[in-house]
Amino acid sequence: ALEINPAYIDAANSLGTVYQALGKYNEAIDVFERALEVKPDFAEALFGKARALIELSLQPEAVPLLQQALQIKPDCTEASLNLAATLMTFDQPEEARQYCNKVLELQPDSLDAIALLARIELQAGQVEDAYQRVKPHILAGVQHISLLTAYGNICSSKGCPEEAIG
């Protein structure tokens, strides 16, 4: 088993991230777990392990890790977005909305948060709110897959306005 020197904890985290990038999620989880044995409050390793679990479709196991990472690093927008998206898979849109709003407080131009929040609004029947949220970005020609998907879903609900089609 991999032994981690506490002085090189960041290198261990990087190794876990490399395993993830290679699609070796179980190996990544093993490295993140070893790092957490050395430093249990290592937010980056908690987040990394959670991301690997999500890739393995083990979202229920990822939620407490994301929450723990956010307790340690409350301004981690990537963890907040991952938690919001995961909560949506469990049909918890109001909880997800809170994390999206937190991301937008920290990064007002986060297209991922804007798109996810529009999806939440659309699901809640707030079609006009969702449209107004994505409209400026669509009109500006932003090519972002989550945003375009949200816009397509809005169009399915209310019809596409001509100014956004042209």
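Notes on the structure in this doc start here. What you see is a predicted model; the values in this text were computed from it and never measured.

Time to look at the packing of aromatic side chains. Taken as a whole, this structure holds 0 aromatic pairs when the rule is applied. Over the ring of Tyr131 we find Lys158; its NZ or CZ atom is 4.2 Å from the centre of that ring.

Residues separated by three or four positions in an α-helix point in the same direction, a consequence of the helix having 3.6 residues per turn. Taking 1.5 Å of rise per residue, 13 residues should cover 18 Å, and helix α7 (residues 111-123) covers 18 Å from first to last C-alpha, within 8% of that figure. For α7, the full list of buried residues reads Ala113, Ile114, Ala115, Leu116, Leu117, Ala118, Ile120, Glu121 and Leu122. Close packing links the buried residues of α7 with α5 (77-89), α6 (93-106), α8 (127-139) and α9 (145-158). At the C-terminal side of α7, Gly125 shows a positive phi close to 85°.

The next subject is the environment of Cys155. As for its placement among the helices and strands, Cys155 is situated in helix α9. Note: C-alpha distance between Cys155 and His144 (11 residues apart in sequence) is 16 Å.

Reading the values: rules and limits
In every chain, residue numbers begin from 1 and rise along the written sequence. Residue-level local features of this predicted model are given only where pLDDT is at least 70; pairs of side-chain atoms are given and counted only at 80 or more, and the full residue set underlies all totals for whole chains, interfaces and linings. Based on all heavy atoms of the structure, the side-chain values leave hydrogens and waters out of the count. Side-chain rings of Phe, Tyr and Trp, where Trp is taken by its six-membered ring, are said to pair if the distance between their centres is within 6.5 Å; with planes under 30 degrees apart they count as stacked, over 60 as edge-to-face, and otherwise as tilted. Geometrically, a charge over a ring is one whose NZ (Lys) or CZ (Arg) sits within 6 Å of the ring centre while staying within 35 degrees of the ring normal. Helical segments are the DSSP runs of H or I of at least four residues, strand segments are the runs of E of at least two, and each set is numbered from the N terminus. Here the expected span of a helix is defined as 1.5 Å times the quantity of residues minus one. To sort residues, take the accessible area from a 1.4 Å probe on protein chains only and compare it with the maximum for the residue type: under 20% means buried, over 50% means exposed, and anything in between is partly exposed. In what follows, residue pairs with any heavy atoms lying within 4.5 Å of each other are defined as contacts.

Such coordinate-based values are descriptive only and should not be taken to indicate function.
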